[in-house]
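This is what each chain is made of:
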Amino acid sequence: MNYISTRGDATERPFSAILLEGLAPDGGLYLPTHYPQIDAARLGHWRGLGYAELAFEILRLYIADIPPADLKALVDKTYTAATYGTAEITPLRELEPGLFIQALSNGPTLAFKDMAMQLLGNLFEYELGRRGQVLNILGATSGDTGSAAEYALRGKQGVSVFMLSPQGRMSPFQQAQMFSLQDANIHNIAVEGVFDDCQDLVKAVSADLGFKRQYQIGTVNSINWARLLAQVVYYFAGYFRASRDNGQPVSFAVPSGNFGNVCAGHVARMMGLPIARLVVATNENDVLDEFFRSGRYRVRGSAETFETSSPSMDISKASNFERFVFDLLGRDGARVAGLFGAGLTRDGGFSLPAEDRARLAGFGFVSGKSSHADRLATIRDTWARHGDMIDTHTADGLKVAREQLQDGVPMVVLETALPAKFAATIQQALGREPLRPAALNGIEDLPKRGVVMPADLARVKAYISAHALC
Ligand SMILES: *Cc1c(COP(=O)(O)O)cnc(C)c1O
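Values in this document were obtained by computation on a predicted structure and should not be read as measured data. (Residues numbered from 1 in each chain as written. Predicted model: local features only at pLDDT ≥ 70, side-chain atom pairs only at ≥ 80, totals over all residues. Heavy atoms only, no water.)

A. A look at helix α13 (residues 287–294). Within α13, 6 of the 8 residues are buried, which leaves the element mostly enclosed by the surrounding structure. Those residues of α13 not exposed but buried are Val287, Leu288, Asp289, Glu290, Phe291 and Phe292. Taken together, the buried residues of α13 touch β11 (275–282), β12 (296–298), α14 (321–328), β13 (349–351), α17 (354–360) and β14 (365–369). Glycine 295, located one to two residues past α13, shows a positive phi value of around 80°. (Buried < 20%, exposed > 50% of the residue type's maximum accessible area, 1.4 Å probe, protein only. Helix = DSSP H or I, 4+ residues; strand = E, 2+ residues; numbered from the N terminus. Contact = heavy atoms within 4.5 Å.)

B. Molecular detail of the packing of aromatic side chains. Overall, the coordinates contain 28 aromatic pairs when judged by the stated rule. Look at phenylalanine 211 and tyrosine 215: their rings are 4.7 Å apart centre to centre, the planes differ by 50°, and that puts the pair in the tilted class. Relative to phenylalanine 324, the ring of phenylalanine 321 lies with its centre 6.4 Å away and its plane at 40°, an arrangement referred to as tilted. Taken together, the positions of phenylalanine 321 and phenylalanine 324, both in helix α14 and 3 residues apart, correspond to about one turn of that helix. Here the two residues phenylalanine 321 and phenylalanine 324 agree in accessibility, since each one is buried. (Phe/Tyr/Trp six-rings, centres within 6.5 Å; stacked < 30°, edge-to-face > 60°.)

C. Representation of the site of the ligand. With respect to spatial proximity, 15 residues lie near the ligand, and among them Lys113, Asp144, Gly257, Asn258 and Asn261 are the closest. One of the backbone nitrogen or oxygen atoms of asparagine 261 is found 2.9 Å away from an oxygen atom of the ligand. Against a free-state accessible area of 390 Å², the protein chains account for coverage of 96% of the ligand. A breakdown of the residues in the shell around the ligand according to their chemical character gives 5 nonpolar, 8 polar and 2 charged. (Near = heavy atom within 4 Å. Polar contact = N/O pair within 3.5 Å; in protein donor to acceptor, adjacent residues only side chain to side chain. Areas by Shrake-Rupley, 256 points an atom, 1.4 Å probe, with all protein chains shown as cover. Nonpolar A, V, L, I, M, F, W, Y, C, P; charged D, E, K, R; others polar.)

D. The arrangement of the pattern of salt bridges in detail. For the coordinates displayed, the defined rule picks out 31 salt bridges. Linking aspartate 388 and arginine 93 is a salt bridge whose minimum nitrogen-to-oxygen distance equals 2.6 Å. With a gap of 295 residues between them, aspartate 388 in the loop between α18 (372–386) and α19 (392–403) and arginine 93 in strand β4 (residues 92–96) connect regions that are remote in the sequence. Of the residues examined, aspartate 388 reaches a relative accessible area of 12% and is grouped as buried. As a salt-bridge pair, glutamate 290 and arginine 298 come within 3.2 Å of each other at their nearest N and O atoms. Looking at arginine 298, the relative accessible area reads 22%, which means it is partly exposed. (Salt bridge = Lys/Arg side-chain N within 4 Å of Asp/Glu carboxyl O.)

E. Seen up close, the side chain of serine 251. Note that serine 251 resides in strand β10 (residues 250–255). Among the polar contacts made by the side chain of serine 251, one reaches the main-chain amide nitrogen of arginine 277 at a distance of 3.0 Å. Serine 251 has contacts with Ala276, Arg277, Gln406, Val409, Pro410, Met411 and Val412, leaving out every residue within four places of it along the chain.

Interpretation in functional terms is not warranted from these geometric data alone.
Structure, rendered in structure tokens:
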């Protein structure tokens, strides 16, 4: 299996060549040359597999240049009951007949990003070791992504992490999650500014190509193909648990921001998994809902990008969305380049003509949106009627899932975070503190490790050069 760009560069690259990369050289995203087709016999066999075995069977179809025994060892050490709390890894619970929640948030940082990031950490360590290289990961975070990256890469050989976060602007819990890590290869930098200052600093460091090369600076952002691939696995796992047999279609509802999670569902469906609907749930930042309703993709400016109580879905554009549009347009890279390249910057978006819109239904996508009031109501209702405490993002998913239920088709809502991360909104909804996994009690009181600095490019660079692996 090889990989090509969504913008027409047809150079085929193997998995290990794109693993550590972000964008393709032409600015596109990487996708496999084709989706392997899973026939009934293989699906029947997979139904009986455990999570790590299933992950290995799926990943090996897409990763030809890591020897199977090595890949198996990497997968086996990633998906363990010790890391995810249960042998099932992503267990389902049935709220009501036919309506399930699939737990993707039992990893170390209590959000679904661990599902992919934990594998990525092991893949990075393996590939860097094989090449005899090192990598210094630089990132900016306002919460989930930064902690997931740190927990995935802590203590790994050949890689270190420099994570910028806005000083005093994360919840005490989130800050404690990151700053309590004592590993020598994890560098927390609290910047005196807001998240945008952190992101601007990362961009400025990366724009200095000489510096970037000298210190072997890399990223782990949501467009990384390996992350998306790791997420394909739990759609299969969830499907097997929610269905009687492999003739039964199942729908998935996905709290969405950058379209990485639901794009993995699209890949699973393209492989032949019987998914009826892929329900894209957005919050007030409804770029994606607007697209699936109208065929119009309109990137939002900062004045139109809202800070909400499901903050991990607060996006102005959906960075993985281009992958789906590539498939929707029959893999016409030249057209995708026209829509997403200079055209997107110039026009701030595009509208698909009716004949392309007509194809949307064939891909199973539907959408809906949820507001702060919906979120509170859904959290309250789920707690009152089911004794089940869900987080704000999952509440968005559940609210929209209920609008898209079909008779006889099980619906699986992906639980993308645990309520412990969003105490303020849980307080508002339920008048009490969120439940928290016992292992994390008292995390705010642990000793903290990190530095505070002004939003100053020279200071950040000096810190990196003093502490980078080389
Ligand atoms: C990242 C994240 C999302 C959005 O996922 P995408 O892949 O960006 O669509 C939703 N919920 C939570 C809790 C997240 O951390």
